[in-house]
Structure formats: structure tokens, C-alpha cells
Amino acid sequence: MTAPISLRGVTKHYGSFVAVDDVSLDVEAGSICGLLGPNGAGKTTTFKCLLGFAKPTSGAIAIEGAPLTPATFESLAYVPERATLYDDFTIADHLEIYRRSYKSYEPARARELLALFELDPSKRAKRLSKGMRTAVALTLAFSIRPRVLILDEPSSGLDPVHQRNVLDLMIDAAANGAAILFSSHQVGQVERAADSVAIMKKGQLIVNSGIDDLKTGEKIIEAVFAGPAPDLGDLAGDPRVLRIEQVGSTVRAVTREGSDEIAQRLFALHPKSIRTIDLNLEEIFMNAVSGDQR
Amino acid sequence: MAYAEFLRARKSLAWHAAILAALTLAILYFAGDSHVHIDGSVSMTSGMALPLSQLAPIGMFFAAIFASSQGASLNRENATRDISWTKPVPRSVLALQYIAIDVAVIVIAFVLTMLAVAIVLLRAHVTPVVDPEFATLMILGAGVAVMWYALIQLLTFWFPAGARSIAGIIWPVALLALGLARVHGPLGAVTRAIDVINPLAYMSGVQFSSNGTQQQAITTLPLELRPLVVWLFAALFCAIVVTLWPKKEA
């Protein structure tokens, strides 16, 4: 069965600039995929292609197994990085626009969300702070109980309490079968909510994996020597070693696999102490985008 | 339904009605009830009979100003495409809905203006006469305002911003094109060619000045054909917009 969100070899050129380069990604029903990447990595362009705002130069996109059509949006919700609202209209006007546009709109759900984000429906959009605008966009998005959610920085401008609410809403939606793709600069949010992570750099998808697999895959072996670190031989050339960091008498080897064997090789150099550290997602992300990954 | 555009149009129409009401009251207050002077070419004295068709340019003028405010609706929507383009409605249908709402309120604005003029006439004890050209000029007046709207829509829909500037600058350009069309030689010929898509050109020569002489027309089209031509141009401009707007990329 095709994943509700599916990109196959999607490439987008703007002139000679390649914004998205051969990206393939699936997000299954009931799962949350966190899309990470530095600014300009191609995340927003990928979203634009997914939503039909931009035409991919090549590749295929399917939402719930079919190419995007206007009818797709009955069950697809999008929250942009900068929440787009009609500035002269009230929050209630926006809800009315949704009521008239979506068969799947649920007024009771919208009221729940307004209460959750402490929004006054009579307020005009131009009087809302950035965080409140994001909250309105989220209220609109979740009020149709979408089966597919695409969220670009969904907690942008929100206070910590409401950031947590957003993550809870996403987890709840996924538990009810929604497929969610969201981007964030806060790796901690991805770590908490997502079950898989995709990392983009310069338009390319350089990591696409389950978070647990990533965490168990990459480790740091840290060895502290009594004096200056000895000659490490060809350790840096070992394909299982991603990177060697050497500061004074401490040697840190970042490994993707075979950490036990690497630890044994370092142990053979008679360190004062040696330990294995699991990488957190932030370190994995930094490793991936720093350009040191082999 | 394009409820967002409906809300905007309703607000604009309320403003239009309020301005008309204020102008009407001001004219009635300052002119008294013996002599009413509406503009440079229509002068009314108590007891006189006035062909209603002569007032069509006034309705057209106010409706065209109103159309300027509505004309960039699809350009405005570029800023909120995250909402409008993610509705379960084809973009071409959305564009058509926007245009239908805008055209409807422009026609209402035209009718409201004519009603305001009628109130001024009645207060001035001027007898309005429905002359043979009344229907033609009403359809033409509303059509010119709608063509004005469609032209602004055509000139602005593709750009991400700057619509207000375009909607503003089109007025002096159109008026200049009317003026230069009367010039002899190549400049006049070129301007007359440009005036084919200048909505104001189709209203030229329809009004008599206060001394009873008819103004010179810019267009050579007979009056009976002009309503058809302006509405066809409006439809053509709107069709181009409806075809191309959905193809825009964000």
C-alpha cells in the first residue's frame, strides 16, 4: 500500500539552481516524520512541491496514493512557517471561511482548539502576535481532522506551553492514523514527537531513517589517556569511523556501526578510561549537516 | 464560495455607499433646491427635464473608482495563497468566484451611484426623462467600470505585489491616452490604437456639454455596439486571468 505522503525522485530547479535534488520520502499513516535541515536546505521548496505551489522539474508526488488534486485538500492540512491569515478578518471569519470550504470541518473541534490556544475569535488577524497567528493556523488545520498534515515550523513563535500542545496534537493525530510531515529547527521537538527523521542539506536528502535506528546506529567512543594521545594508526581510515576528534589526552571516535570493535582497538592503546556514548538527535543532525559525514 | 472575497467586497461596498451618501447630502445641503450642479457638463435647473442617459458617465466614474479598489483581488490573494490554494476547490473555480463577486458588487456600486444621482435630481425638482439611449448607456456605463476592473485584474494578477500602484497609475495613463488621442499625427494614431483597450475611450462622446454640443468621441464605434465591445473585452481579460492564475507558482 502506498504511503499517504510519498515523494519519488522529486527535483526542483529554479534556473540553474537546484533547490530540491532527487528527494524520495515516504510518511506512513499513523507516523510522524520530522524534516530537519539548515536554512536553504530545500525543506520549504519540498513542501511547495508537495502542496502544488511549485511544479517539480521531475519526480512524482502522491498524497494518499494519488496525484494532488483540489479534492485532496479535503483531508490535507498545511501550516506554513509564517501563518498566512486575512489581516482584516477576525478569527471567527477565518473559521467561517473553513466551515464554508471544507465538508470535514468540525465546529466543536475548532472550539476545543480555540480554548486550547486561548484565542479570542473576535480578534482581527492584524492584531495577533506571531505566536497567536501560528495558533490560529493550527486551529484551522486541525479543525478538519486531516489524514495528512504538512507543517512548516508549526511551533514558530509559540510559548513553551503551546509548543507542547502542538506536539501533543500531532501525536494525537498520528495515533488516530494521520500521516504527518513537519519541519522544525528545534531538534528536541523532532526527537520528542517524530518516529522518523529526514535531514536535508543543499537540496538533497542525506538522512532518512527511524529515530531509534539512528540513535542505536551512531555512537561516540571516548578514550582518555594518561598522557598525550598515542598514535591512532589507521583508525581514522576505518570505514566504520565517521570522525575522529582529538583534544589533549582525549580521543573521541564517532562511529556509525561496529562500535564494539572500534572500542576494542582504542582499548588496545591502554587508555586511562574508555566509555561508549549514545548520540542524541542533535549530535546526529550536526554530524549530518557539518559535511564531515562519509 | 469565495467567502473571503465576499467579506472584502461587502466592506468595500459599504464604504462606497457611505461616501455616496455623504456626497449626496453635501450636494443637497450646499446647492439648496433651486439649482443643482453635479459636474462640469451636467447642469440642472429646477423644473427642467433631463435625459437619464446623460448621467451614465457619473455612474461609470464612481463605479470605476470602486472597481479600482476591487481590481487586484487575485493579486491580493497571492499573499494568502496558503489558505486559498489549499482549499478543496480548483484554482480556476476560485478565480471565477472572485471575479463573479467583484463584478456583481461593481454593478451594484454603479446602480447605487445612479440612485444617488436620482435622489439629487428629485430634490432639485428636475424631471428625469428615460430617453431612447438610456438602456444602452446604463449597460455601457456599468460595462466600462467592469472592463476597468478586468484590465486592472489582468495587469496585476501575475505580480506578487505592487497592485495598488498599478491600480492608481492606470488612471492618469488612461486619461492621458484620451487626451493624446485627439492629437494629429503619429502620436495621435498610436494613442488611438492604445485606446482600443482603454475603457474610458468607450464613454467618450456620449455626453452633451451645458451649451448642448456633443463631445467628440475617441472611438469610431457606433454607440449601440459599444456596450457589447466593453463587456466582451472585460470577459476576454477575465478569461485570460482565470486561465493563467491557476498556473502561477508560489
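Reading guide: rules and limits
Residues numbered from 1 in each chain as written. Chains lettered and ligands numbered in written order. Predicted model: local features only at pLDDT ≥ 70, side-chain atom pairs only at ≥ 80, totals over all residues. Heavy atoms only, no water. Axes fitted to C-alpha atoms, helices over the stretch in contact; angles between N-to-C directions. Helix = DSSP H or I, 4+ residues; strand = E, 2+ residues; numbered from the N terminus. Parallel < 35°, antiparallel > 145°, perpendicular 65-115°, else oblique. Left-handed = near helix turned anticlockwise from the far one by under 90°. Contact = heavy atoms within 4.5 Å. Nonpolar A, V, L, I, M, F, W, Y, C, P; charged D, E, K, R; others polar. Salt bridge = Lys/Arg side-chain N within 4 Å of Asp/Glu carboxyl O. Buried < 20%, exposed > 50% of the residue type's maximum accessible area, 1.4 Å probe, protein only. Core = buried A, V, L, I, M, F, W, Y, C linked by side-chain atoms within 4.5 Å.

### Concerning the packing of helix H1 (residues 3-31) of chain B against helix H2 (residues 56-70) of chain B
All names here are of chain B.
Okay, so step 1: As a packed pair, H1 and H2 sit with axes 11 Å apart at the nearest point and diverge in direction by 150 degrees. With respect to H2, the axis of H1 lies roughly antiparallel. By crossing handedness, the relation of H1 to H2 is classed as right-handed. Across the interface between the two elements, Glu5, Arg8, Ala9, Ser12, Leu13, His16, Leu20 and Leu23 of H1 pack against Phe62, Phe66, Ser69 and Gln70 of H2.
Okay, so step 2: Its residues assigned to classes, the contact of H1 with H2 shows six nonpolar, four polar and two charged.

### Some thoughts on the packing of helix H5 (residues 91-123) of chain B against helix H9 (residues 226-244) of chain B
All names here are of chain B.
Okay, so step 1: The geometry of H5 relative to H9 is characterised by a closest axis approach of 10 Å and an angle of 150 degrees between their N-to-C directions. In terms of their interaxial angle, H5 and H9 are classed as roughly antiparallel. Between H5 and H9 lies a crossing of right-handed hand. Two secondary-structure elements touch here, H5 through Ser92, Ala95, Leu96, Ile99, Val103 and Val107 and H9 through Trp231, Cys238 and Val242.
Okay, so step 2: When grouped by side-chain class, the residues that make up the contact of H5 with H9 number eight nonpolar, one polar and no charged.

### Focus: the pattern of salt bridges
All names here are of chain A.
Okay, so step 1: All told, the structure shown has 21 salt bridges over all chains when counted by the stated rule.
Okay, so step 2: We note a salt bridge from aspartate 238 to arginine 265, for which the minimum N-O separation is 3.2 Å. Within this pair, whereas aspartate 238 is found in the loop between strand S10 (219-224) and strand S11 (241-247), its partner arginine 265 is found in helix H8 (residues 259-267), the two being separated by 27 residues in sequence.
Okay, so step 3: You can call aspartate 238 buried: its relative accessible area is 7%.
Okay, so step 4: As a salt-bridge pair, arginine 243 and glutamate 245 come within 2.8 Å of each other at their nearest N and O atoms.

### Focus on the nonpolar core
Okay, so step 1: Judged by nonpolar contacts, the single largest core of 158 residues is most densely connected at Ile5, Leu50, Met170, Ile180 and Leu181 of chain A together with Leu140 and Trp148 of chain B.
Okay, so step 2: Those residues in contact with isoleucine 180 of chain A, other than ones at most four positions away along the chain, are Ile5, Val27, Ser31, Ile32, Cys33, Leu149, Leu151, Met170, Ala173 and Ala174 of chain A.
Okay, so step 3: One finds Phe225, Ala253, Ala263 and Leu266 of chain A within the second-largest nonpolar core, a separate group that totals 12 residues.

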